[in-house]
Amino acid sequence: MDQETALRLHEAMLLTRLAEERLVKLFRQGRTLGSIYRSLGQEATACATAMALGPDDVIAPMIRDLGAMFVRGATPLELFLQYLGRATGSTGGRDHNNHFGSVARGILAPTSMLGALIPVAAGVALSFRQKGERRVAMTWIGDGGSSTGAFYEGLNFAVVQKLPLIVVGESNGYAFSTPPDRQMAGGMAARSQGAFTLTVDGNDAAAVYGAATEARQRCLDGRGPAFLVCETFRMKGHAEHDDQRYVDPQLLAQWAAKDPLPRFEAWLGRQGWAPAPDLRARLEAQLLATAEEALAAPWPDPATLNEGIFSA
Ligand SMILES: Cc1ncc(C[n+]2csc(CCOP(=O)(O)OP(=O)(O)O)c2C)c(N)n1
Ligand SMILES: [Mg+2]
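Starting from 1, residues in each chain are numbered consecutively following that chain's sequence as written. The lettering of chains begins at A and the numbering of ligands begins at 1, in the order of writing. Restriction of local features to residues with pLDDT of at least 70 applies here, the model being predicted, together with a cutoff of 80 or more for giving and counting side-chain atom pairs; totals for whole chains, interfaces and linings are based on all residues. Water and hydrogen atoms play no part in the side-chain values, which are based on all heavy atoms of the structure.

For each residue, the test is whether any non-hydrogen atom lies within 4 Å of the molecule or strand; if one does, the residue is near. If you check the shell around ligand 1, you find 13 residues, and the closest are Arg 64, Ser 112, Gly 145, Asn 172 and Tyr 174. The term polar contact refers here to a pair of N or O atoms within 3.5 Å; inside protein, the definition further demands a hydrogen-donor-capable atom paired with an acceptor-capable atom, and it admits residues adjacent in sequence only when both atoms are side-chain atoms. Take Arg 64: an N or O atom from its side chain is 2.8 Å from an oxygen atom of ligand 1. At 2.7 Å, a backbone N or O of Ser 112 approaches a nitrogen atom of ligand 1. In isolation ligand 1 offers 580 Å² of accessible surface; the protein chains occlude 69% of this area. Most atoms of ligand 1, that is more than half of them, are within 2 Å of grid points of the largest pocket. When residue character is reported, Ala, Val, Leu, Ile, Met, Phe, Trp, Tyr, Cys and Pro are called nonpolar, Asp, Glu, Lys and Arg charged, and the others, Gly included, polar. By residue class, the composition of the shell around ligand 1 is five nonpolar, six polar and two charged. Per-residue accessibility takes into account occlusion by the displayed protein chains alone, with areas from the Shrake-Rupley method and a 1.4 Å probe. Two kinds of site are reported from a 1 Å grid over the protein atoms alone, namely cavities, where a 1.4 Å probe fits but cannot get out, and pockets, open sets with protein on both sides within 12 Å along at least five of seven lines, and residues are called lining when an atom falls within 4 Å of a point. Cavity and pocket membership follows a simple rule, namely that a molecule belongs there if more than half of its atoms are within 2 Å of the grid points.

Structure below.
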């Protein structure tokens, strides 16, 4: 990883963390619609995988992959307008959280249906292969989501067809309140169905970037899909309304010591590439101003309620 990439990756991780912190404040003020689904502790997994892609590759993220969307150019204003349900948001107040996409930036919109994006991303990868384009599709799946039929169908199809698809497994300790050993045997990597599989420390941004780069190269070489299992931890409950009382505090303390941000900052320091000292303060100020801008945005007009739907 070169210096410019490393610093962009660090900024994306920090932006993700700070944007979610700002969202939590808005949530506590009763201003967001619905809950906040944080990726605290998982920023390296989301950001470093997307950072390894080329500009023409396509991503299909999930709820904890806000960082991947930032890497691909989604903005905090778009995010805040979504969470605040405003008319000028990407979905015009019809959906919330990070459920928005951008064809121009190669972002397929996240959806709630776990696993459903795997066959979709496999289809995107199939189209690249059919058109002879050197592009890959990347999507993410949680430990819980990897128990869906769609995960198996989509990944199996990609393996059999040797498609340029990267599936990032987010092994983060929980699906709601269910730990992986209550729903699967052998861990996520055992679910690879013949795909090239790498298991990586998901809190080590440099390691995740290296593994994703290797996975992408294999895809471009026509060697079929990759399953990149990132071992990480969901440091908050499923969403802000979940106080995670079922999580052993010792486990949280162990993972807090492996926080991906200070770890990557230490790595940057060892390369002699320390980020600008005022970066955090600058991003915080920008996010505060952006939140105020989003709060001033108009609500959807109730008269448009029936627009953009199949049937009223
Ligand atoms: C097909 C499907 N089944 C169930 C749900 C309800 N649901 C939403 S999130 C979630 C847990 C997801 O856990 P995991 O895939 O591990 O992702 P994480 O929340 O840990 O990022 C469940 C069961 C859903 N959205 N879609
Ligand atoms: Mg999980």
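Take the coordination of the magnesium ion (ligand 2) next. Taken together, Asp 143 (OD), Asn 172 (OD1) and Tyr 174 (O) make up the protein donors of the magnesium ion (ligand 2), found 2.1 to 2.4 Å from the metal. Positions of the donor residues of the magnesium ion (ligand 2), expressed as sequence spacing, correspond to D-x28-N-x1-Y. Looking at Asn 172, the relative accessible area reads 5%, which means it is buried. Buried residues are those whose accessible area, probed at 1.4 Å on protein chains only, stays under 20% of the maximum for their type, while exposed residues exceed 50% and partly exposed ones sit between those limits. Overall, the relative accessible area of 11% leaves Tyr 174 in the buried class. Coordinating N, O and S atoms are those within 2.8 Å of the metal (3.2 Å for Na, K and Ca), and as water is not part of the atoms, a site may appear to have fewer donors than expected.

This part takes up helix α6 (residues 149-161). Helical geometry: 3.6 residues make up each α-helical turn, so side chains three or four residues apart lie on a common side. Put simply, DSSP H or I for four residues or longer makes a helix, DSSP E for two residues or longer makes a strand, and each gets a number counted from the N terminus. Every helix has an expected span of 1.5 Å times one less than the residues it contains. Compared with the 18 Å implied by 1.5 Å per residue over 13 residues, the 18 Å span of α6 between its first and last C-alpha is a close match. Residues of α6 that are buried include every one of Phe 151, Gly 154, Leu 155, Ala 158 and Val 159, and no others. Looking down the long axis of α6, one finds its buried residues gathered within 130° of arc, a one-sided arrangement. Those residues of α6 that are exposed and angled more than 90 degrees off the buried face are Glu 153 and Val 160. A positive backbone phi angle near 55° is found at Lys 162, which sits one or two residues after α6. To obtain the arc, one takes the directions from the helix axis to the C-beta atoms.

Moving on, we come to helix α9 (residues 260-271). In this model α9 runs 17 Å from its N-terminal to its C-terminal C-alpha over twelve residues, within 8% of the 16 Å that 1.5 Å per residue would give. Against α1 (3-28), α2 (43-51) and α7 (205-220) lie the buried residues of α9. The N-terminus of α9 is capped by Asp 259, whose side-chain oxygen sits 2.9 Å from the backbone nitrogen of Leu 261. Gly 272 occupies a position one or two residues after α9 and carries a positive phi of about 80°. Contact definition: two residues touch when any of their heavy atoms are within 4.5 Å.

Let us look at the packing of aromatic side chains. Pairing of aromatic rings covers Phe, Tyr and Trp, the last through its six-membered ring, and needs centres within 6.5 Å; plane angles under 30 degrees mean stacked, over 60 mean edge-to-face, and all others mean tilted. Here the structure, examined in full by the defined rule, presents seven aromatic pairs. Pairing Phe 151 with Phe 227 gives two aromatic rings, centres 5.7 Å apart and planes at 55°, and the pair type is tilted. Taken together, the residues span a long stretch of sequence, with Phe 151 in helix α6 and Phe 227 in strand β5 (residues 226-231) at a distance of 76 residues. A centroid spacing of 5.9 Å and a plane angle of 75° characterise the contact between Trp 267 and Trp 273, whose relative ring orientation is edge-to-face. Of the residues examined, Trp 267 reaches a relative accessible area of 18% and is grouped as buried. The exposure class of Trp 273 is buried, given its relative accessible area of 17%.

This is a description of form; function is not addressed.
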